[in-house]
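Observations on chain architecture
Below, each chain spelled out in residue letters.
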Amino acid sequence: MMMTTTKTRNTFLSHFVLFLSCFVLMEVGLGRSPTSEIKVGVALDLKTTFSKICLTSLNMSLSDFYEDHPNYRTRLALHVRDSMEDVVQASAADIGRVTKWSWPSGKGVPAGASALALDLIKNEQVSAIIGPRSSMQAEFMIRMANKSQVPIITFSATSPLLTSIKSPYFVRATLDDSCQVEAIAAVVNSFGWRSVVAIYVDNELGKGIMHSLSDALQDVEVHRSVISTEASDDQILKELYKLKTRQTRVFVIHMASRLGFRVLQKARKIGMLEEEYVWLLSNGMTNMMRHNGRSLETMQGVLGVRNHVPKSKELEDFRLRWKRKFQKENPLMRDDVELNVFALWAYDSITALAIAVEKSNTKNLRYDNVSALSNNTTDLGTLGVSRYGPSLLEALSAIEFKGLAGEFKLLNRQLVASTFDIINVVGNEERIIGTWTPRDGLMNANSKKTTSLSKERLGPVVWPGSSYGVPKGWEVPTDGKKIKVGVPVKQGFFNFVEVTTNPITNVTTAKGYAIDIFEAALKKLPYSVIPRYYRIESPEDNYNYLVHQVYDGMLDAVVGDITITANRSSYVDFTLPYTESGVSMLVPLRDNENKNTWVFLKPWSLDLWITTGCFFVLIGFIVWLFEHRVNSDFRGPPHHQIGTSFWFSFSTMVFAHREKVVSNLARFVVIVWCFVVLVLTQSYTANLTSFLTVQRLEPRATNVKDLIRNGESVGFQHGAFVKDTLKGLGFPESQLKAFGSAEECDELLSNGTSKGGIAAAFDEVAYLKAILSKYCSKYAIVEPSFKTAGFGFAFPRNSPMTGDVSRAILNLTQGEEMVGIENKWFNRLSFASECPDPKTALSSNRLSLSSFWGLFLIAGIASFLAFLIFVGHFLYEHRHTLCDNTEGSLWRKLTSLFRNFDAKDIKSHTFKNSAVHNVSLPVTQCTPSPSTVQMRPWPRSMSLNREFELRRASFFMSEERLTTQPEHNKHGASDIESGAER
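Criteria and cut-off values
- Residues numbered from 1 in each chain as written.
- Predicted model: local features only at pLDDT ≥ 70, side-chain atom pairs only at ≥ 80, totals over all residues.
- Heavy atoms only, no water.
- UniProt positions renumbered as here; feature names shortened; annotations may be inferred.
- Phe/Tyr/Trp six-rings, centres within 6.5 Å; stacked < 30°, edge-to-face > 60°.
- Helix = DSSP H or I, 4+ residues; strand = E, 2+ residues; numbered from the N terminus.
- Buried < 20%, exposed > 50% of the residue type's maximum accessible area, 1.4 Å probe, protein only.
- Lys NZ or Arg CZ within 6 Å of the ring centre and 35° of its normal.
- Axes fitted to C-alpha atoms, helices over the stretch in contact; angles between N-to-C directions.
- Parallel < 35°, antiparallel > 145°, perpendicular 65-115°, else oblique.
- Left-handed = near helix turned anticlockwise from the far one by under 90°.
- Contact = heavy atoms within 4.5 Å.
- Expected span 1.5 Å × (residues − 1).
- Polar contact = N/O pair within 3.5 Å; in protein donor to acceptor, adjacent residues only side chain to side chain.
- Salt bridge = Lys/Arg side-chain N within 4 Å of Asp/Glu carboxyl O.

If you check an unreviewed UniProt entry, the chain appears there as Glutamate receptor from Brassica cretica. The annotation that UniProt attaches to the chain under Subunit (unreviewed entry) is "May form heteromers." In its Sequence similarities (unreviewed entry) section, the UniProt entry covering the chain states "Belongs to the glutamate-gated ion channel (TC 1.A.10.1) family."

Shown next, in the form of structure tokens:
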């Protein structure tokens, strides 16, 4: 009994130890952590080469990742389904109208990608789905994933329209097609092409890019050409022949690669890959150039935009391994199948998903609301909701790493675009000629520098036809292009444009100055253009109506006297102006016959008169200041000194001053002032002469403000934009009157405002000169002048003819042909000989201070410097007076200085020289008797004036000796005084 019990215990212990050991081994897993399997669905068209290439990349990414991360606790398990290239047959709207989400009747069961996605979500309960391949398959899958909260990760659906679904569970691990449009626009703009044709496929892939492309090419005219996905070769050729007949030679092609390269083959067949043609391929086509070993012979010279894939050692190693694995898995496929960027994005997608799964919470992988009652795999009503989807999506959105295709970073669940390469197909090579980045724009592939010059912005380009010259982007057929040209019907001014229609033949002809200029410009074009004229009667002669006819595509051009304005330029493109620009005022002339009494004051303005008078007074004062102490002419009573100073100063105006100037400082000031006076008098004389000879033709009005203030009526031409300009200046509607011809304008101006006419006419300078050519003696063009762009020809926006016609007009204006046309319609030769130039006749304006302020500045500076020198010398000479303390207060010192200044400077050489040279008097020590005091008789030959001067000098000398030697011999002094008296 005891032995049995002991044996039982030993058996129990051994079993317990064995169980515990097995449990420990299971938990430890021989040193490995337990893993959880995350189901991931893959929806691809497994019968296509593209899907096989990407599937190999998916499997390699999965094995590579877990080989590098063996300790991860999660493992992705791929559940691959074949969508068989089918697209869902029911729309989202149909689904939304079904209450239980069952498939609508009459629409059939969802096929292909949609059916397999439903199967993956409902039956396999996958946590995410990789795919589908195309944008057409993606829409229904995205809506279904949004309902079940299962993330859909695509590496090849690029249509921007998928973004509009706004599903938070749609992740695009490839580039949106709209990312490349800025790079395409940069290439087009760098070569200056103004018009392109966008050839795209008629499905979500093609339509999705067009809005973004048009926005990027906002300054370029974009034409559209749609090709069906099921188009036959004949249908493709028909569309290409239609494009060949148009002017534009720049084609941007965006469609699936298989259809796109068919289009290129047919284009080459009909000669559309020759010189002057430009083909620019989108990113989707450039990435598939070598798909299935496709030859590049049919694509020689084409350009393309391709997302940049940075070179790396890992990428090259993967390329070799992928080649071996693909050939092993697909032994019947061609050996020249190449890896493409979509396969790299597929590789990076699995890597990102594996990282996100590891970082997310995988404890709850169940689906809610799953109905077990239905066995129908296509019943949408039984579709459950994944609890794991939101956390997986959150983790996936934060993933960033450097993948094989470049930086992997999601922004709003979209792969962030970085750099695009600009390629040029040359031979069997895809040559990179430039790069584009959102920050730096287009850059040269070699220098990596941006530049405004197109030839430096990209590397050397070999164009179709092995041409190295940049195509101009458009071409007119050699048999001549016929264009519809609208011509306005006018009430007058027929010398500008006149259009007539033959009532029998219904043929419209046009003539006039504008027509001759237009046809002469067409003859200078390097191709043939045949204009067909159509008369256009616009309501109220409003030329904006003609501009809108071109904008709406009813006309190819408008020719006539059409003013270029900013508003019109927003609808059409204008050529360079062929007339003078500006709006001026035409006014009647009146015969004045110089009846103005004060005409002599008109040459100078008031400020110039006042300034000149002030300087005359200033110069007179300065000269008196310098001469008062040393020159007897500037001494005497105060009224005499003032008169002499004014007389001297004003007499310099006619250079009639007789007073001698003995001070060097005064001489310096007078010399400068005489130069100023010379310039002033000569200018005054010239301008007065002009006033006296021109004043016979004086305009009745010269100021817009005066016209408004006086209530004068003004005129403008019917239908002109000038009416709005006049309203903007402040003219009320009641003061505005319209005229239709030169004769009507003449009648209104002749009547004047008092008789129901006008006081002035406002119009373009070209119209006013046409009026003057008939009535040059009655009117004149006066200021003000308002800037405008002149007359031009209107073409549709971005029309290639605009630039060519502009250059032709420029050649015309620089040649003799333009002069001949002007003389033909405006008789300019007789006008120049018979009529004076109104601008010259009315150009005599008053001279103002601004014309001579430099002269007055020179005179003022010269006077001021001389004054400083004089004051400094005077103060230095009388410094003892300032330093003498016996003088008392400062007032006494100043009074003493003034007394010294007012006294004669007897030390001056002017007085000393006259005494020494003109007087010879003996000085004795005794006092002679009156009988012995005799003056030496003057020689008879001396004139009376000379005798007077000598006697006066003798008198001043005696006075000097008396003052300087008061204690000298008094008898000698008496003799001198008696001599002076005699």
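So that's the structure; there's more coming.
Some points on the packing of aromatic side chains
Taken as a whole and judged by the stated rule, the model has 35 aromatic pairs. Geometrically, the ring pair formed by Phe-496 and Tyr-513 is edge-to-face, given 6.2 Å between the ring centres and 85° between the ring planes. Here Tyr-513 lies in helix H15 (residues 513–523) and Phe-496 lies in the loop between strand S19 (481–488) and strand S20 (498–501), a separation of 17 residues in the sequence. Measuring from ring centre to ring centre gives 5.1 Å for Tyr-513 and Phe-826, while their planes differ by 70°; the resulting arrangement is edge-to-face. Taken together, the positions of Tyr-513 in helix H15 and Phe-826 in helix H26 (residues 816–826) put the pair 313 residues apart, joining distant regions of the chain. Exposure class is identical for Tyr-513 and Phe-826. Each is buried. Taken together, the ring pairs connect Phe-493, Phe-496, Tyr-513, Phe-518, Tyr-578, Tyr-767, Phe-791, Phe-793 and Phe-826 into an aromatic cluster. Its guanidinium or amino end placed over the ring of Tyr-534, Lys-484 lies 5.6 Å from that ring's centre, counting from NZ or CZ.

Considering the packing of helix H6 (residues 181–190) against helix H7 (residues 204–216)
Close contact between H6 and H7 brings their axes to 9 Å; oriented N to C, the two are set at 40°. In terms of orientation, H6 lies oblique with respect to H7. In this structure, H6 crosses over H7, and the sense of that crossing is right-handed. Along its contact with H6, which presents Val-181, Glu-182, Ile-184 and Ala-185, the element H7 presents Ile-209, Ser-212, Leu-213 and Ala-216.

Some words on helix H12 (residues 341–359)
For the α-helix, the turn length of 3.6 residues means that residues three or four positions removed from each other point alike. The end-to-end C-alpha separation of H12 is 27 Å, in line with the 27 Å expected for 19 residues at 1.5 Å each. The N-terminus of H12 is capped by Asn-340, whose side-chain oxygen sits 3.0 Å from the backbone nitrogen of Phe-342.

Topic: the pattern of salt bridges
Here the structure, examined in full by the defined rule, presents 27 salt bridges. For Glu-124, the salt bridge goes to Arg-81, with nearest N and O atoms at 3.0 Å. Residue Glu-124 is located in helix H4 (residues 112–124), and its partner Arg-81 is located in strand S2 (residues 74–82); the two are separated by 43 residues in the primary sequence. Note that Asp-233 is salt-bridged to Lys-266, the shortest N-O span being 3.4 Å. One end of the pair, Asp-233, is in helix H8 (residues 233–244); the other, Lys-266, is in helix H9 (residues 257–269), with 33 residues separating them in the sequence. Judged by its relative accessible area of 33%, Asp-233 is partly exposed. Each member of the salt-bridge network shares a partner with another, and the members are Asp-64, Asp-317 and Arg-321.

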